[in-house]
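Per-entry structural report
Each chain, letter by letter, is given below.
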Amino acid sequence: MITLKKALTLNKDELNKFKEQLKAKIEARPELNAYIDINNVGEGIPIAIKDNIQVKDWSVTSGSNILQGYISPYNATVIEKMLGAGLSPFGRTNMDEFAMGSTTESSFYGRTLNPHANDRVPGGSSGGSAAAVGAGLAIAALGSDTGGSIRQPAAYCGIVGMKPTYGRVSRYGLGAYASSLDQIGPMTQNVEDAAILYDIISGHDDKDSTSAKMNDKVSDKLNPNRKLRIAVLPKYIENASQDVKDAYAQATQALRNAGHEIVEKELMDAKYDISAYYITATAEATTNLARYDGIRYGNRKVGKDLNDTFVKTRSEGFGNEVKRRILLGNFVLSSGYYDAYYVKAQKVRHLIKDEYAKIFNDVDLILSPVAPSVANKFGEFSNPMEMYLSDIYTISVNLAGLPALSLPINKNADGMPVGLQLIAKAYDEQTLFDGALGLEKEINYAN
Ligand code: GLN
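Okay, so let's go over this structure. It should be emphasised that the depicted structure is a prediction, and the values quoted were computed from it without experimental measurement.

When you go through the protein residue by residue, the secondary structure sums to 14 helices and 11 strands. In summary, the protein has a C-alpha radius of gyration of 21 Å against a globular reference of 22 Å for 447 residues, a match within 12%. Overall, the C-alpha framework of the protein stretches about 70 × 60 × 45 Å when taken along its three principal axes. Out of the 447 residues in the protein, the part that is buried amounts to 60%. For the protein, restricting intrachain contacts to residue pairs at least 6 apart in sequence, the fraction spanning at least 24 positions comes to 74%. Here the protein displays about 16800 Å² of accessible surface, and carbon together with sulfur accounts for 49% of that area. Averaged over its 49 positive side-chain charges, the protein has a centre that lies 2 Å from the centre of its 52 negative ones.

For the structure on display, the rule yields 15 aromatic pairs. Their ring planes at 50° and their centres at 5.6 Å tell us that Phe331 and Tyr341 sit as a pair that is tilted. Linking Phe331 in helix α10 (residues 320–333) with Tyr341 in helix α11 (residues 338–360), this pair joins segments that are 10 residues apart in sequence. A relative accessible area of 34% means that Tyr341 is categorised as partly exposed. Among the aromatic residues, those joined into a cluster by ring pairs are Tyr70, Phe98, Tyr292, Tyr297 and Phe318. Above the ring of Phe378, the side-chain terminus of Arg111 is found at 3.9 Å from the ring centroid.

Residues Tyr356 and Phe433 are the most contacted members of the largest nonpolar core, which totals 139 residues. With sequence-adjacent residues up to four places away left out, Tyr356 is seen in contact with Leu267, Ile366, Ser396, Val397, Ala400, Leu402 and Ile423.

This part takes up the site of the ligand. Around the ligand, 15 residues are found, and the nearest of them are Thr146, Gly147, Ser149, Tyr177 and Tyr277. Residue Gly147 places a main-chain N or O atom 2.6 Å away from an oxygen atom belonging to the ligand. At a separation of 2.7 Å, an oxygen atom of the ligand approaches a polar side-chain atom of Tyr277. Taking 290 Å² as the accessible area of the ligand by itself, protein coverage stands at 99%. Broken down by class, the residue content of the shell around the ligand amounts to 5 nonpolar, 7 polar and 3 charged.

Remark: helix α7 (residues 242–257) packs on helix α14 (residues 429–443), axes separated minimally by 9 Å, with the N-to-C direction vectors making an angle of 105°. One element, α7, and the other, α14, form an angle in the roughly perpendicular class. For the pair α7 and α14, contact is made by Gln250, Ala251, Ala254, Leu255 and Asn257 and by Leu439, Glu442 and Ile443, respectively. Tallied by class, residues from the contact of α7 with α14 come to 5 nonpolar, 2 polar and 1 charged.

Cut-offs applied
- Residues numbered from 1 in each chain as written.
- Predicted model: local features only at pLDDT ≥ 70, side-chain atom pairs only at ≥ 80, totals over all residues.
- Heavy atoms only, no water.
- Helix = DSSP H or I, 4+ residues; strand = E, 2+ residues; numbered from the N terminus.
- Rg over C-alpha atoms; globule rule 2.2 N^0.38 Å.
- Buried < 20%, exposed > 50% of the residue type's maximum accessible area, 1.4 Å probe, protein only.
- Contact = heavy atoms within 4.5 Å.
- Areas by Shrake-Rupley, 256 points an atom, 1.4 Å probe, with all protein chains shown as cover.
- Lys, Arg positive; Asp, Glu negative; His and termini not counted.
- Charge placed at Lys NZ, Arg CZ, Asp CG, Glu CD.
- Phe/Tyr/Trp six-rings, centres within 6.5 Å; stacked < 30°, edge-to-face > 60°.
- Lys NZ or Arg CZ within 6 Å of the ring centre and 35° of its normal.
- Core = buried A, V, L, I, M, F, W, Y, C linked by side-chain atoms within 4.5 Å.
- Near = heavy atom within 4 Å.
- Polar contact = N/O pair within 3.5 Å; in protein donor to acceptor, adjacent residues only side chain to side chain.
- Nonpolar A, V, L, I, M, F, W, Y, C, P; charged D, E, K, R; others polar.
- Axes fitted to C-alpha atoms, helices over the stretch in contact; angles between N-to-C directions.
- Parallel < 35°, antiparallel > 145°, perpendicular 65-115°, else oblique.

Here it is, written out as structure tokens:
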């Protein structure tokens, strides 16, 4: 598949020919179920879009039954920016319902397969975007990351996934899951493409009240040869699988070879991250999902009166994982439990932020796992808690609002990709991309 950088040099005829070929390629791989639809807006370079980002006149459903029939009346800010830069939304990709999940199994449209092994999950919730890029069915894609949903599927499918600093990319037009954690970001074949796409979609937006008043760009200043101080976390990775530990050792050595200074640091036991995240995320999700009442959007199930219509619409429209989170979110926000759970989770969130700040007083980047293992097989998790634990290495980054980039390091004995992430301090995307580009060159991963 051609890179985004190369695609930017094609003329109109070449681009149209490429799009026809791309369409045929996608149609030849229906079993992957990476795309829900292939519809195209504009004449530019085709980019795959996760099904929770508004594209005018598209059906946009967040992978849910409750939004069947909803047609978006407007473009998300990231889509406007893409169109302005000669890119065009091309196909919407499959995802876990309302971005809740780590496997893309909870989609109303059925599961997506991992392109490297069809009996394994592509990761989630941006599994469709990751599988599309990983299978050579997209030049690049947009995903969203609330607790790892760009970085983890990127790692499972052998591609690059980048979560920007909170506030760098406008959330206007992103179907909200947990508003204080959500960020849209690029999913690409390599680090340079991620920087190019990041530059296109980022920047201040008056339509998002949490948007940072910053517009600095990174891709024309990329420098893979900068010498950096990079933290490794020997104790933090102890519970990861041998595959991940091997990749971690390989990446650490590669960073040393590239002339970086490696220092050992520690982060607090990640088990607290899971609790703080699932309390915060479900509390916010409960509030955000209240708008799906069958009156304003999508799929209405008419009952005998108004209340019955609400109940029927929501009972039939939401899947089990979403219902579980609505219940959890209401529980942690209810009087009597609010202080014990919600307030406590916010305190833990502050501790996590402080811990990262302390490390970043001394280093430029942190090297961390993305997930505890390679992509799991379908049906491997026997309960939701096991799935939640697979987010253990990604969610603290969202709780702290930091930028991070997941890139492929190697493949295990079964041929499954292993990805790792670099984490930078808030708003230091330049250092993040510089370090990642250097590591990518040193590792020389072959898909
Ligand atoms: N797996 C996490 C969750 O289910 C993260 C999802 C995401 O980043 N959207 O909440």
